[in-house]
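Each chain, letter by letter, is given below.
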Amino acid sequence: MEHLIAFWDIVVDVWQHGFMGFDFGRVFTAIGIFLAFLFIRRIFSRLVLNRIARLTAKTKTEADDRIIRALKNPIRLVPIVFGLFLSFEYLQLEGDMSIIANNLIRTLVVFTLFWTLFRACNEFSYMLEKLDQVFPPALVDWLGKTLKVIVVIIGGATVLEIWGVNVGALIAGLGLFGVAVALGAQDLFKNLIAGILVIAENRFGVGDWVRVDGVVEGTVESIGFRSTRIRQFDKAPVFVPNTKLADNAVTNFSAMTHRRIYWMIGVEYRTTVEQLHQIRDGIDALITDNPDFAQPPEVSSFVRIDKFAASSIDIMLYCFTKTTNWGEWLEIKERLACDIKEVVEGAGSGFAFPSQSIYLESMPEGADTPEIFVPPEEAAKA
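Residues numbered from 1 in each chain as written. Predicted model: local features only at pLDDT ≥ 70, side-chain atom pairs only at ≥ 80, totals over all residues. Heavy atoms only, no water.

(A) Structural context of unusual backbone geometry. Look at the link from Pro-296 to Pro-297: it is a cis peptide, with omega at 5°. One can find Pro-297 in the loop between helix H10 (273–288) and strand S7 (302–308). (Helix = DSSP H or I, 4+ residues; strand = E, 2+ residues; numbered from the N terminus.)

Here it is in structure tokens:
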């Protein structure tokens, strides 16, 4: 009997002081409180948040839907934080454990608040699109990204302050290290400044077809802090440092107002003057009477007999289409080429092609020279 009493005393002592000096009963109760709030969180998400999301989806405005999307996950974290707070309070922590628990709760509260702000920046970044009328779209995109970075930096600094880290002293202590990093990251800052200049000058935007001399040609997909992603026409992405875009000549084909057609049409030398005039006037009518082509004084347009080439008489065609779409431009060029062929053939002429003529004044004498035929009668007389 004495042994049983001694064993029971050990069990009671372990139960009361078995985990870091805490009563196991309190530990299990605190865990139960935390698990209960996890269950409450799940019910709250299903019954309340999902119900609110369905109601806002029926409204005509988009702002309430974005508010719910921004707050949904942070709100789901609130029961967890509150449950953890009640669990710590029930344990009645003291000393360093109390300080750590208090700092942990404060950290979770700060994380929830700044997480909400970060998600709000994502959901309400569309409001910055109204600035497109004043600033380039890429700069507006940078403003949104910068706002998110600021939220993250302030949130991180707040958490460090909670845990007793002097952020000001930390920044001052990193001053010399920052100078060394800056010297080693000159290219990074050059690209950053070059990117700002490219956006400020509005050289191009996302979706534009550009050609960077000696670097790349393709469609702009994104303009980053350090580099710009341009997808070539073979669908391969190229990441171009922003300094290349600032230092090299950039042609923005998407900014064209018209697309040019510049041809030299060579006709045969046997073409008469009347036929040349007929061909020139026919081609000019194809341009003037066609709504697909821009007309003077909006653009310059010429159809002229230009020069006498080596194998042809060249007629210059210089005009601009109204469309800048490449596919539509190719289609217009195709129709124009067929119409010009009909005009040239209808005038009784033809297209010239490179050729050479060889003129022989006399045949050279030699073994390979054919004999001169002499009739038999003339041979007898001789």
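(B) Seen up close, the pairing of strand S3 (residues 227–232). Alignment of strand S2 (residues 216–223) against S3, held across 5 bridges, turns out to be antiparallel. Its bridge partner lying in S3, Gly-218 is registered against Gln-232. Linking S2 back to S3 in an antiparallel pair, the connection comprises 3 residues. As judged from the 5 bridges shared by S3 and strand S4 (residues 237–241), these two strands associate in the antiparallel manner. Considered in S4, the bridge of Arg-231 is made with Pro-237. (Pairing = 2+ DSSP bridges.)

(C) Local environment of the pattern of salt bridges. In total, this model carries 7 salt bridges according to the counting rule given. With its nearest N and O atoms 2.4 Å apart, the salt bridge here joins Arg-270 to Glu-268. One salt bridge connects Glu-331 with Arg-335, and the closest N-O pair in it is separated by 3.2 Å. Highlighted residues: Glu-331 and Arg-335, both in helix H11 (residues 326–346), separated by 4 residues, approximately one helical turn. (Salt bridge = Lys/Arg side-chain N within 4 Å of Asp/Glu carboxyl O.)

(D) Local environment of the packing of aromatic side chains. Under the counting rule described, the total for this entry stands at 9 aromatic pairs. Seen from their ring centres, Tyr-318 and Phe-320 are 5.5 Å apart, and the 85° between their planes marks the pair as edge-to-face. Aromatic rings pair up to connect Tyr-262, Phe-302, Tyr-318 and Phe-320 into one cluster. Over the ring of Trp-329 we find Arg-259; its NZ or CZ atom is 4.7 Å from the centre of that ring. (Phe/Tyr/Trp six-rings, centres within 6.5 Å; stacked < 30°, edge-to-face > 60°. Lys NZ or Arg CZ within 6 Å of the ring centre and 35° of its normal.)

(E) Structural context of a nonpolar patch on the surface. There is a patch of nonpolar side chains on the surface, built from Met-97, Ile-100, Leu-104, Leu-160, Trp-163 and Val-165 and spanning about 470 Å² of accessible area. In terms of residue count, helix H4 (residues 95–123) provides more of the nonpolar patch than any other element does, 3 residues in total. For Trp-163, the position within the fold is in the loop between helix H5 (137–162) and helix H6 (167–173). Looking at Trp-163, the relative accessible area reads 40%, which means it is partly exposed. (Patch = residues over 30% accessible without salt bridge, like charges linked within 9 Å, V, L, I, M, F, W, Y side chains within 5 Å. Areas by Shrake-Rupley, 256 points an atom, 1.4 Å probe, with all protein chains shown as cover. Buried < 20%, exposed > 50% of the residue type's maximum accessible area, 1.4 Å probe, protein only.)

(F) Geometry of the side chain of Thr-271. Secondary-structure assignment places Thr-271 in the loop between strand S6 (259–267) and H10. Overall, Thr-271 belongs to the buried group, its relative accessible area being 7%. In this structure the side chain of Thr-271 is engaged in a polar contact, spanning 2.7 Å, whose partner is the backbone oxygen of Glu-268. Discounting residues that sit within four places of it in the chain, Thr-271 has contacts with Leu-276, Ile-279 and Ser-349. (Polar contact = N/O pair within 3.5 Å; in protein donor to acceptor, adjacent residues only side chain to side chain. Contact = heavy atoms within 4.5 Å.)

(G) Structural view of the environment of Arg-41. Inspection of the secondary structure puts Arg-41 in helix H2 (residues 24–57). Residue Arg-41 is classed as partly exposed on the basis of its relative accessible area, which comes to 23%. Look past the residues within four positions of Arg-41 in its chain and what remains in contact with it is Arg-76, Pro-79 and Ile-80.

(H) Up close: the environment of Asp-339. Within the secondary structure layout, Asp-339 lies in helix H11. A relative accessible area of 30% places Asp-339 in the partly exposed class. Linking Asp-339 and Gly-282, residues 57 residues apart in sequence, is a C-alpha distance of 9.3 Å.

(I) Seen up close, the sheet that holds S3. Within the open sheet, the 5 strands sit side by side as S4-S3-S2-S1-S5. Their pairing is antiparallel. Among the strands making up the open sheet, the edge pair consists of S4 and strand S5 (250–252). Shown here is a sheet whose adjacent strand axes are inclined to one another by a mean of 40°, direction ignored. (Axes fitted to C-alpha atoms, helices over the stretch in contact; angles between N-to-C directions.)

(J) Layout of the packing of H10 against H11. Relative to each other, H10 and H11 sit at 155°, their axes nearing to 9 Å. Overall, the two elements H10 and H11 adopt an arrangement that is roughly antiparallel. Here the hand of the crossing between H10 and H11 comes out right-handed. Where H10 approaches H11, its residues Gln-278, Ile-279, Gly-282, Ile-283, Leu-286 and Ile-287 are matched on the opposing element by Leu-336, Asp-339, Ile-340, Val-343, Val-344 and Gly-346. Considering only residue class, the contact of H10 with H11 consists of 8 nonpolar, 3 polar and 1 charged. (Parallel < 35°, antiparallel > 145°, perpendicular 65-115°, else oblique. Left-handed = near helix turned anticlockwise from the far one by under 90°. Nonpolar A, V, L, I, M, F, W, Y, C, P; charged D, E, K, R; others polar.)

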